[in-house]
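# Analysis of the macromolecular model
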Amino acid sequence: MPDGTLPVLEVRDLKTVFQTRSGEVHAVNSVSFEVKPGELLGVVGESGSGKSVTMMSLIGLLPSPPADVKEGEVLLDGLDLLKTDINTLRDIRGGKIGFVFQDPMTSLNPVFSVGFQIMEPLRKHMNLSKPAARKRAVELLELVGIPDASRRLKDYPHQFSGGMRQRVMIAIALACDPKVLIADEPTTALDVTIQAQILELVKDLRQKLGMAIVWITHDLGVIAGIADRVMVMYGGQVVEQAPVKELFSNPQHPYTRALLETIPKVHGARAEKLNVIEGQPPILGAEPTACPFRDRCAFRFDRCEQENPSRRIVGKDHDAACFYDFATGGPLRA
Amino acid sequence: MLDDAKQPLVRVQNLKMHFPIFGGLLHRRIGEVKAVDGISFDIMEGETLGLVGESGCGKSTVGRALLRLYEATAGEVIIDGADIAHASPEELRMMRPTMQMIFQDPQASLNPRMTVSDIIGEPLREHQKGSAADREDRVLELMDQVGLNRDFAKRYPHEFSGGQRQRIGIARALALNPKFIVCDEPIAALDVSIQAQVVNLLEELQDRLGLTYLFISHDLSMVRHIADRVAVMYLGQVAELAPRDDIYSKPLHPYTQALLSAVPEPDPSIAEATDRIILTGDVPSPSNPPKGCNFCTRCPQVMDICKVKKPIFQEVEQGRFVACHLFENNEATAANAASEV
């Protein structure tokens, strides 16, 4: 660790398998990562890359069956969440770990007022009295920038716009001063001008509150503006992990490179033709014995068919799961 | 316009699309949603016009009203010399082959009970005489054109991935050799790595077949890639219309400026350096738009006149149209106010 602080959340070798009628799906394969207090870890990947399933597995939010968290350790301040009983886990959800989901309409309950939904975790986890919880709820709504907060407590979710609903979700997630905030595509359903508002809010809140944030998205632009460190996922595994500037200036995995080349930009030079990643993402029917990206990779060679590369150090705080060595411009010597 | 020698293939004049709101005990008409409120533009032959805006601004409604999938409230739509807005049903049917549409959600726009060859062949059955064998040949030819394997002709849509389904939708749109295609968010439902595949295909087809596109999207970076000219919509009206490079390098309308600055840039050094314009508040309801300029409630450069008088959509530079009081040259007051900002 560069600054010696201990990670608040540490995940080691997490494996999640779904049992479906057409066989097993290995959605998450040996995913390891950690987040330090005050850090914002960005998780990037396409749909089906396992980024959301990883986060849901952490706190036991996946229904079992069909999901089965097979292996791994999830350490929150030294406590292994995969081995704790359901009551402790319930205390942690919404307590030490806050969650913000993609769609604020479906994650808020339409038949309860917003005030009730913000006060619920305060009453459950912090045993606050009703007046105290109400006072805190007003503070939280003011914190996330909802005007006229005390009056709006009585309002129902449908009376808020999309951006405002997402602010309410953030207020709920922040209610019990979580150590870790997990945000799963929190701005994907929002328009760009509203997304910009929410991103500013989160930057501001981080400075005020200093919690660790895990931010899941498929949008590399969002990541570039907000993350300290980035983890790129593909086919249920982590393929690259690096500090944000390093990742964008010096990507070391062919997938990250291709992804950065395939997105058009609003500023700077305009590409005449877009670079294309040919083919489709893999279907994870079995535990991978080869590199999941090999079929679409421009740098593949024999070894990629035979083994699944594990993550190796390629720079300071930077690792990539690839047998190709961009430093020497050739295959890694075994 | 851009090039006087070229005739516009599509000409839209003062198009309005108001949806009625019914309510109350007797279910009377109590108001209307002004989804599209008086917009005009031309699209040249072989050109791609990008239509951008946030959700609810009316961009998809424009696309649908253009092909008369909605009955427009007012206005004129001329496609390839034919008056679409006032054509009789029989006339309209004769015109359908020249204008086609590609939809956003390939899952919802393909019939799950029809095979790929039925889906692509349906417009041929409807509009052309010919034997089944001829149709079959044409379907396979179309599948080649969009990069679908001929062996999959008898499969059903659910057996394909999102990107491939969108290719089926494109093949269906191409079946009758159209001149003009409305692409309504054709890549919004696709993954980043698949988006580029579909956009490149659309560009290739345009070069090869001389197609004209109206490309509707909320993705400003992709529109910059594919469009020749760009129209920015806000609350049912066009705020700015200009050639692509002009609008992206020097946006004039305050809304365009805010919209472009809000797009997250996939480069940490640029993201750090840029000063974002953060708009406050939300888009007003189109059933009750603000008086004066419809952007006046959120505009960072709002003036007194904006709250009273609606700005005129007019040409301020060669080929650049803006609806904003900051650029209304013929009004001395507005010009003075603009210089003070």
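In this report, the structure presented in the accompanying data block is examined.

For chain B, the helix and strand inventory stands at eleven helices and twelve strands. Here the C-alpha radius of gyration of chain B, 22 Å, is about what a compact globule of 341 residues would show, namely 20 Å. Here chain B, with 341 residues, has 53% of them falling under the buried criterion. Across chain B, contacts joining residues at least 24 apart in sequence account for 63% of those joining residues at least 6 apart. Seen as two clouds, the 35 positive and the 47 negative side-chain charges of chain B have centres 6 Å apart.

Let us now look at the interface of chain B and chain A. Accessible area lost when the parts come together is the quantity often used to give the size of an interface. With 39 residues of chain B in contact, the opposing surface of chain A contributes 43 residues. A combined buried area of about 3700 Å² lies between chain B and chain A, and 57% of that area is made up of carbon and sulfur atoms. On inspection of chain B and its partner chain A, the count reaches zero salt bridges. The element best represented in the side of chain B that touches chain A is helix α6 (residues 192-209) of chain B, accounting for nine residues. Here the residues of the side of chain B that touches chain A are counted per class, giving 17 nonpolar, ten polar and twelve charged.

This next bit is on the sheet that holds strand β5 (residues 79-80) of chain A. Residue and element names in this part refer to chain A. Read from one edge of the open sheet, four strands run β2-β1-β4-β5, paired in antiparallel fashion. Looking at which strands have only one partner, the edges of the open sheet turn out to be β2 (23-35) and β5. Pairing geometry for strand β1 (residues 9-20) and strand β4 (residues 67-76), over eight bridges, is antiparallel. Each bridged residue has a counterpart across the sheet, and for Glu10 the counterpart in β4 is Leu75. Contacting β1, β2 and β4, helix α1 (residues 51-58) crosses the sheet at an angle of about 110° to β1.

What follows deals with the layout of surface pockets. All names here are of chain A. Of the voids in this model, the second largest pocket is the one considered here, and its volume is about 610 Å³. In this structure, the second largest pocket is lined by 19 residues; those nearest its centre are Arg93, Gly94, Glu120, Pro121 and Ile172. Counting residues per element, the ones that place at least two in the lining of the second largest pocket are α2 (86-92), β6 (97-100), α4 (114-126) and α7 (162-174). Looking at the lining of the second largest pocket residue by residue, the class counts come to nine nonpolar, five polar and five charged.

The next thing to look at is the side chain of Asp42 of chain B. With respect to the element layout, Asp42 of chain B can be found in strand β2 (residues 28-44). Separated by 3.0 Å, the side chains of Asp42 of chain B and Arg11 of chain B make a polar contact.

Counted by the stated rule, this structure contains 14 aromatic pairs over all chains. For the ring pair Tyr234 of chain A and Tyr255 of chain A, a centre distance of 4.5 Å and an interplane angle of 50° mean the geometry is tilted. Placement of the pair is Tyr234 of chain A in strand β9 (residues 229-234) and Tyr255 of chain A in helix α11 (residues 254-262), with a sequence separation of 21 residues. By relative accessible area, Tyr234 of chain A is classed as buried at 2%. Ring centres 4.5 Å apart and planes at 55° place the aromatic pair Tyr234 of chain B and Tyr255 of chain B in the tilted group. Taken as a pair, Tyr234 of chain B in strand β9 (residues 229-234) and Tyr255 of chain B in helix α9 (residues 254-262) lie far apart in primary sequence, 21 residues in all.

Now for the sheet that holds strand β11 (residues 313-317) of chain B. Pairing between sheet strands relies on hydrogen bonds along the backbone, with the strands arranged either parallel or antiparallel. Residue and element names in this part refer to chain B. The strand order β6-β7-β8-β3-β9-β10-β12-β11 describes an open sheet built from eight strands, whose pairing is mixed. Unpaired on one side and paired on the other, β6 (99-102) and β11 mark the two borders of the sheet. In this sheet, neighbouring strand axes are inclined to one another by 20° on average, regardless of whether the strands run parallel or antiparallel. One ladder, built from four bridges, connects β6 with strand β7 (residues 180-184); its direction is parallel.

Ile170 and Leu220 of chain B are the most contacted members of the largest nonpolar core, which totals 70 residues. At seven residues, the largest contribution of residues to this core is made by α6 of chain B.

Cut-offs applied
Residues numbered from 1 in each chain as written. Chains lettered and ligands numbered in written order. Predicted model: local features only at pLDDT ≥ 70, side-chain atom pairs only at ≥ 80, totals over all residues. Heavy atoms only, no water. Helix = DSSP H or I, 4+ residues; strand = E, 2+ residues; numbered from the N terminus. Rg over C-alpha atoms; globule rule 2.2 N^0.38 Å. Buried < 20%, exposed > 50% of the residue type's maximum accessible area, 1.4 Å probe, protein only. Contact = heavy atoms within 4.5 Å. Lys, Arg positive; Asp, Glu negative; His and termini not counted. Charge placed at Lys NZ, Arg CZ, Asp CG, Glu CD. Buried area = accessible area lost by both parts, 1.4 Å probe. Salt bridge = Lys/Arg side-chain N within 4 Å of Asp/Glu carboxyl O. Nonpolar A, V, L, I, M, F, W, Y, C, P; charged D, E, K, R; others polar. Pairing = 2+ DSSP bridges. Axes fitted to C-alpha atoms, helices over the stretch in contact; angles between N-to-C directions. 1 Å grid on protein atoms, 1.4 Å probe; cavity = no way out; pocket = protein on both sides within 12 Å on 5 of 7 lines; lining within 4 Å. Points joined across faces, edges and corners; volume = space filled by probe spheres on them. Polar contact = N/O pair within 3.5 Å; in protein donor to acceptor, adjacent residues only side chain to side chain. Phe/Tyr/Trp six-rings, centres within 6.5 Å; stacked < 30°, edge-to-face > 60°. Core = buried A, V, L, I, M, F, W, Y, C linked by side-chain atoms within 4.5 Å.

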